[in-house]
Amino acid sequence: MGALGWSVARSSVTFGQDSSRPTFRVKVDMVVLGFTVTDKKGKYQNDFKPADFRILEDGIVQKLNTFAAGNKPVMQILDDGTMRPLATGGGEEPKAGPDVKSDAFVGTNVFVLFDTSNYMYRGFVYASDAIADFVRGLDRADSVAVYTFSRNLNRAAELSRDRNDAIQGLRKAVAGDDAALYNSLLLALRDAAKVPGRKVVIVFSNGPDNASMVAPDDVRAVAEDEGIPIYVISTSEASKDAISSGVFKRLATRTGGKAYFAKTWQKQVEAFESIREDLGNSYTITYYPQNNPNEGFRKISVEIVNDVGKKYLVRVRPGYRPSRGF
Amino acid sequence: MRFLLTFCLIGCFGVLSAQEIANRARQLEEKGQTGAARAMLMAAVKDAPNDAVLLTIAAEFLDRHGDPSTREVLSRLVTILERNNSAERGKFAKRLVVLDMLAGDTSAAQKHMAIYKAAGGTAAEVPIPKSELGADFQTVEIPGPIRSFSRMAALSPDLPAEDILPALARNIVTNGYQAANSNEGLEQTEYLKLVVRYLSQARELSKIAGEAKKIRVEQCESPVSADLLRALGYRMRGGCGAEVVLETVNASRAFLTIDSGFPIAELENALRANRLFEYAFEPTKIPILYGAEYWLGAREKQSGEFIDQYISDPQLCRLYLGMSKLDRELAGKLKAGIPVLKLKAFSHVLDFFGGMYTIKDGKAIVPGGAKSEAMWAELAGAPVSDAPAFFDKVTSKDDGWMASYFDSLSRISGPVQDYLTQPDRLKRFYNAVRGKVTSPGPARPVFRANTDLLLLTSRLRVAPDGKPHIPGNIEVWKQLFVKHPHGKYDGKLTKAASGWKEADDVIEALFALCRKAVENEPLKIFMAVSDMDRRRAKPLDSATVDRLAREFRFHSSQYSILNETGALSDATILGYLDTIAAITAIRDQGVRSDAAGMMQGLVGVWQAFVRQRAIADADADAILSAVVSPFAKAKGSREIFEAGWSGVQTLLKAAKTPENANPHDRMIDLLAGAVNPDDADSHTQMVQDTIRVLEAQRVISLKALGDLATHLDELGKGAKLDPGIVTRVSGRLSELQLPRAGLSGVEKNALLFGYWSERHIEFQRKLNLRSMVERAGNDAAKLGDVKAALAPLLRDTLVGLMYAHYAPPGAQILFTNPVFVRSHDFLGLQGSQQTWKQTEVVGAGWPANAGGRLVGSLAGLSYALAEAEQNFLVPSREQALIWGDLVPQMVQSAKIPRFWQVTPAQVQFVSLHLRMSEAMLGEAAIDPAVRSRFVDILSNYAPPARARMVGDWLAEGKVKKALENVTPSEFYAVAMAAYGQQAENGDPLALEIRRLMRAVPQEANYAAISRAFGSPKPTLTNSYTPELTQVRTFPTLMGYSSRIMAESWESNLLYFASVADSSYITPSQMNVAVPEWTKFTVERIFATHLEDWPALLRSMRKVGEEIRTKANNAGRAAGGTE
């Protein structure tokens, strides 16, 4: 729902243009934001504290609700700026919105989307090996789901921390048929959006797409609004189709992810390492947006307080549209 | 479900006598509160578990509704009756035998049969299947497990064993070979190459599995693991130990390993842990008709195992396919009398047309019966009395034309068959369809090429006087052929047409055109206009028919709209065509597009209102005319807006909208189906679903547009501007900001290539209404311009309402692409003139465009939307085949019919039919007389060969198998034919059918059921009005793929009605449930090929059983436990 990863936090039902009926324009107002900070050499910086960041939405400074660095436990930020772990069960329950569990931000929910269409015929087994390697290398705290697609999506392995489940699902993939990459990516994002906590979708594909009915940029908008970075792992095959490779780059950068184009599927080590580093070194914060009349695209920026010399680079999604709650 | 009511009933009425409980249950049942009735009965039974009278009442009730608890309660009843030595026990024991057999529970059936016999009953013993295999079958081995082979050969793992070789044959014939690049021969496709390679790998693995037929790796470092990994195409990365990883070393082998489903992940885990890996790798024995030797006799050279030779010979595959479709007795006689090589030469004819060959007592059963036998014998050149010789000739005579003719005439019955098989006509029409040059015959292509022949014979109408119905008159058809509007159809026919005098002349010409491979426009015209006449009390005037015929090429897609009701006058139909012409003549493309879109949207609303009876049939004509005619005079955008707004008001008024009602809310209420429904929950859900789509598409409400239009008029009269009214529209437009900025140069160039025309959307994005209104002040002319600017907005609202109305279950595009509605292209590519043509999906799979969109008119919107959204359905298993044509038709059939007007009695009426036939089938296993009658009736609706097979299975005691091979629509048809006799025999379900027919004749009659539970058939009947035609399920046909097959599939709603009955779901709840059930059904289809309707049937039944079980469990949980 909306810019969050879980069910409605504070919602408001508005009324239609001129109808007495509610029109389901539910505004979900807690935002989950993941970002990374690197120095000029590209080295991840993971020692920052909440007070080091200033989050702005359309230029309006936001008050942080929770903070998590890498795979460390999520901390609730109290009014006085101090932090305490977000715990469940027993004792006083910190207020972080309904349905939020303490382990919701521990680790990342990784949705692997594997292209098994005819376009991947030649690289199918190598890509399968590469994905298996990638899954094995994920942090223990991460959960992973493996989806495959050609003309339709197949949920080969549901989200789980059990790597065997994921690899068994992966190894049962059936190759062949048309490629509906963007349709399937949309469905994967819709699934991911239902899961609390931080999540990413990692697409393994060489492109192109010959069967989707949705446009990549409409899918990208969903990812932006849901706060789900898309990583695309591809090979130089993809560059034969300039449109696909361009779309891959745009999808990734606009959602806070990255696109990688190794020479072959066997040579994805670098990409995997980079993604794992991204996942392990990213910050995840949540906040309830301050009043903002803008119901369209809200621009997000993350500033580092006291970064006088602009030594650091923050990679964050550019913004989101408040949910209409369809 | 209203279980809660039960507690009140029980609590409120205290202790009731059994008869009182029965009466109350019946009253509830008649009110449609069957769930409450059930709960009351079950609670009563729970309180008095040994009361035979109560148990009887409950058991009969449950049986009437096909409740999953029926056997349980009946069994308890029989036990008590037996204990009491009641004379009634035999009757109920026999009923239990039938239900046991239907459930496949043979031992229970035997037990209850013994009780039945002990009570004095006479019946044959419960037959026990001796073998799963039919008598004519042997087995042949293929290497490896069937699961792996099925994955590689694209076969459904749910296929019955006897169907594996025919299904494989079909895949080989349709997908196994392609024309070679280097010569005129055929070469294997990639699909077949992989099957061949898999067989080779499976043999290697079989060797590794050894005598034990088990692949066994005891430890990581061993020769077996090395051999196995080599065969699988993998190697270990790193040495044995916790870090070992399997990686590809031979890509083609590794591909087979994964694609065939070898448990490579489990192997990897075992190696890593250095523990035992075991995998059964036994060869699979699959049934083969007549044994391998017979088929290999058709091979000139023989080498290798059967499976290798089989897949390397597509003609042999086709022979197997053809022979497996034949009546077993006939197949046996053909096998005995005709050399296999000769049969192989005509395998294509047997494959397509052999299923309709029928033999009885050695004699061929021919269409037309005794009166036509001599003529059939003359045409074939062999006597009908010698069936093998006769069918040999029919098959081999003229490359399939006679077999095709025989097939088409066998599929029909009644007056049309009588007319066509009158001996002189039989010969005359055969000569027409056969022509002089017979090659290529209709069985040569991959799809049957006798589509037109099948459509002509199955859709022809014959009047009570025995003459065929010719729309208009003969002169119209004569003129069509002589003064053909778009070039000659056929030189000879054009010449002959001037001499036509009678109906037979026209029909002969249509037969003659059926053999042509080109577009058969006259036949399509004939069928479309015949279908329009079929619904009408008075046939169309000849002038109307003439115009419809001449404009067919451009406007035929609109005829289904004109066939929504038989109540349209000739004047309205002609007026509709005039309006089309007027809109087509508008030169400005944007204005034309708005006019066409707006008119189509209004007509779509009219269709829905007529279908849902918001507009009475008697008013339909006047309302359509009033809605459409203003567009004939409109030239500019302002006039078009006025025409559109007047149409909205006309439609709302016709649907009895109160004066001050909100037009937008009212329109949504009406489209949802009922304004003041008894079942507010279902209605609210449907309204909410509609609003979600409209919100996602940023559609402007009718109220906002209407208020603004009115305000503009007031401003013209000097009123003061109310900015709020303008803001409601302009605010909505401001939401049209698309997330599509920053396309790359390559993408922009690609867009320019032709798919992208967003002028309509761009206009709305740039429209600054407030500024326009302010600048206009009180100047009437400028305010007129503002009103003109509202035309595209009103168009989108009306089109959006239609998109929402037909939104398929599981839709995604409608909620992801915010301009999907606005991007509907009413013009099409330049020169394509698609404005009035069928709705089509374009733009799929073009990553840089705005996504797919719909082009053309709105006539086929329900189908096109379902087609666009179908790939978002997620198959429940990894290898599901989503059919391109079947799924949209299934979804359309779930969305168009609405069940607000359907009564509980109608649901029960359908359910009783299905249940009565099923019970008859169960009884047929123990009663040869019932079996013979059942099979005779069934053969009128199912291919005779299948009907006979069902009879054979029943005789062998394979009741469940027989049950799985009869479709719900066939069961329904059998019950229609048999209920009278069954009622005379005392069948309680048949008696209940009869009771309902007498108690509620307006509801429980076949015409009403056809309307309530029929499916729309735009191709087959040229109408979206739901109906049951009870034609035999069509095969896939050239030019239509599986679309006509899908339209002839009438089982879904009939089956869902029976599910609703036994799950105690009300008809109004079906409005919400049926689309969901359809979605579940589609997601579970695991089919092998386009004609694999048994896969659809399996999926549907699985969904039905899940729903029944869930409802049953809910019933138990709610207190009605038994």
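Reading guide: rules and limits
Counting restarts for each chain: residues are numbered from 1 in the order of the written sequence. Here every chain gets a letter starting at A, and every ligand a number starting at 1, in the order they are written. In keeping with the model being predicted, local features are shown solely for residues with a pLDDT of at least 70 and side-chain atom pairs are shown and tallied solely at 80 or more, while totals for entire chains, interfaces and linings include all residues. Put simply, DSSP H or I for four residues or longer makes a helix, DSSP E for two residues or longer makes a strand, and each gets a number counted from the N terminus. In this treatment the radius of gyration is a C-alpha quantity, and the globule benchmark scales as 2.2 Å times the residue count to the 0.38 power. Counting other C-beta atoms within 10 Å of its own, a residue is labelled buried from 20 upward, exposed at 12 or fewer, and partly exposed in the gap between, with every C-beta atom placed from the backbone. We call two residues in contact whenever the C-beta atoms placed from their backbones are within 7 Å. Where a domain begins and ends is set by an automatic assignment or by a domain database. Any residue that is not Ala, Val, Leu, Ile, Met, Phe, Trp, Tyr, Cys, Pro, Asp, Glu, Lys or Arg is counted as polar, Gly included; the first ten are nonpolar and the last four charged. Axis lines are fitted to C-alpha atoms, over the contacting stretch for helices. Their N-to-C directions set the angle, which ranges from 0 to 180 degrees. Note that the term roughly parallel is reserved for angles under 35 degrees, roughly antiparallel for angles over 145, roughly perpendicular for angles of 65 to 115, and oblique for everything else. Crossings are classed by handedness, with left-handed meaning an anticlockwise turn of the near helix from the far one by less than a right angle and right-handed meaning a clockwise turn. Two strands are said to pair when DSSP picks up at least two bridges between them. Expected helix span is computed as 1.5 Å times (number of residues minus one). The term bend refers to the angle at a residue between two fitted axes, each drawn through seven residues, those ending there and those starting there. pLDDT measures the predictor's confidence residue by residue and takes values from 0 up to 100.

1. Quick look at the overall build of chain B
- The helix and strand inventory of chain B stands at 59 helices and 14 strands.
- For 1122 residues, the compact-globule formula gives about 32 Å, and the C-alpha radius of gyration of chain B, at 33 Å, lands near that figure.
- On the principal axes, the C-alpha backbone points of chain B span a range of 95 × 90 × 85 Å.
- A buried classification covers 55% of the 1122 residues belonging to chain B.
- Taking contacts inside chain B between residues at least 6 apart in sequence as the whole, the part at least 24 apart equals 71%.

2. Concerning the overall build of chain A
- For chain A, the count of helices and strands is six helices and 16 strands.
- Buried positions account for 54% of the 326 residues belonging to chain A.

3. Quick look at the domain arrangement of chain A
Residue and element names in this part refer to chain A.
- Segmenting chain A into domains produces domain 1 (31-70 + 72-99 + 283-320) and domain 2 (109-280).
- Just the C-alpha atoms count here: the centres of domain 1 and domain 2 sit 26 Å apart.
- Where the side of domain 1 that touches domain 2 is concerned, the elements lending two or more residues are β1 (31-39), β15 (312-316) and β16 (319-320).
- In terms of residue count, the dominant contributor to the side of domain 1 that touches domain 2 is β1 (six residues).
- Of the residues in the side of domain 1 that touches domain 2, the class split is eight nonpolar, five polar and three charged.

4. A closer look at the packing of helix α5 (residues 70-83) of chain B against helix α6 (residues 89-102) of chain B
All names here are of chain B.
- Between α5 and α6, the shortest axis-to-axis distance is 9 Å and the interhelical angle comes to 150°. With respect to each other, α5 and α6 are oriented roughly antiparallel. In this structure, α5 crosses over α6, and the sense of that crossing is left-handed. Counting all contacts with α5, which are made through Thr70, Arg71, Leu74, Ser75, Leu77, Val78, Leu81 and Glu82, the residues of α6 involved are Arg89, Phe92, Ala93, Arg95, Leu96, Leu99 and Asp100.
- Across the contact of α5 with α6, the residue classes tally to eight nonpolar, two polar and five charged.

5. Here's the deal with the pairing of strand β14 (residues 1023-1027) of chain B
All names here are of chain B.
- Burial of β14 is extensive: five of the five residues sit out of reach of the surface.
- Burial along β14 is two-sided: the face carrying Ser1023, Thr1025 and Glu1027 and the face carrying Tyr1024 and Pro1026 are both buried.
- Bridge analysis of strand β13 (residues 1015-1017) against β14 gives two bridges, and the strand direction is antiparallel. Across the sheet, Lys1017 pairs through a bridge with Ser1023, a residue of β14.

6. A look at the sheet that holds strand β4 (residues 64-69) of chain A
Residues and elements named next belong to chain A.
- The strand order across the open sheet built from six strands is β6-β5-β4-β13-β1-β15, with neighbouring strands paired in antiparallel fashion. Since the sheet does not close on itself, it has two edges, and those belong to β6 (83-85) and β15, each with one partner. Along the sheet, successive strands turn relative to each other by an average axial angle of 30°, direction set aside.
- Here three bridges tie strand β5 (residues 75-77) to β6, and the two strands are oriented antiparallel to one another. When the sheet's bridge partners are listed, Met75 is paired in β6 with Pro85.

7. Let's talk about unusual backbone geometry
- Going from A:Gly207 to A:Pro208, the amide bond is cis rather than trans, its omega being -15°.
- Inspection of the secondary structure assignment puts A:Pro208 in the loop between β10 (199-204) and α4 (216-226).
- Between B:Ser439 and B:Pro440 the backbone carries a cis peptide bond, its omega angle lying at 0°.
- Note that B:Pro440 resides in the loop between α24 (423-434) and α25 (451-459).

8. Looking at helix α53 (residues 968-984) of chain B
Residue and element names in this part refer to chain B.
- In this model, α53 (17 residues) spans 24 Å end to end at C-alpha, consistent with the 24 Å of a helix rising 1.5 Å per residue.
- Maximum bend of α53: about 55°, positioned at Ala978.
- At its buried positions, α53 is contacted by α49 (904-924), α50 (928-938), α54 (988-999) and α57 (1051-1062).
- Of the residues trailing α53, Gly986 is marked for its positive phi of about 90°.

9. Side note on the sheet that holds strand β8 (residues 143-149) of chain A
Residues and elements named next belong to chain A.
- Read across the sheet, six strands follow the order β9-β8-β7-β10-β11-β12 without closing on themselves; strand pairing throughout is mixed. The open sheet terminates on both sides in strands that have one partner only, identified here as β9 (153-160) and β12 (259-262). The sheet shows a mean angle of 15° between the axes of neighbouring strands, taken without regard to direction.
- As paired elements, β10 and strand β11 (residues 230-235) share four bridges and run parallel to each other. By the bridge assignment, Val203 is partnered in β11 with Val232.

10. Focus: the confidence of the model for chain B
Residues and elements named next belong to chain B.
- Looking at chain B as a whole, the pLDDT averages 91, with 95% of positions reaching at least 70.
- Mean pLDDT per element in chain B: helix α1 (residues 3-13) is the minimum at 42, and helix α33 (residues 570-584) is the maximum at 98.
- Note on residues 1-13: pLDDT under 50 across the span, and 29 contacts to partners over four residues away in sequence or across chains.
- Low confidence marks residues 752-756, where pLDDT is under 50. Its contacts with residues over four positions away, or in another chain, come to seven contacts.
- For this predicted complex, the interface confidence reaches an ipTM of 0.92, while the overall pTM sits at 0.92.

11. Considerations on the domain arrangement of chain B
Residues and elements named next belong to chain B.
- For chain B, the assigned domains read domain 1 (3-118), domain 2 (586-872) and domain 3 (894-1117).
- Just the C-alpha atoms count here: the centres of domain 1 and domain 3 sit 25 Å apart.
- Taken together, the contacts link 20 residues of domain 1 with 26 residues of domain 3.
- Elements with a minimum of two residues in the side of domain 1 that touches domain 3: α3 (34-47), α4 (52-64) and α6.
- Here the side of domain 1 that touches domain 3 is composed, by residue class, of eight nonpolar, eight polar and four charged.

12. A few points about the environment of A:Thr264
Residue and element names in this part refer to chain A.
- Locating Thr264 in the fold gives a position in the loop between β12 and α6 (269-281).
- With 13 C-beta atoms counted inside 10 Å, the residue Thr264 sits in the partly exposed group.
- Once the C-alpha coordinates of Thr264 and Ser205 are considered, the two residues, 59 residues apart in sequence, prove to be 12 Å apart.
- For Thr264, the contacting residues outside a window of four places in its chain are Tyr126 and Thr235.

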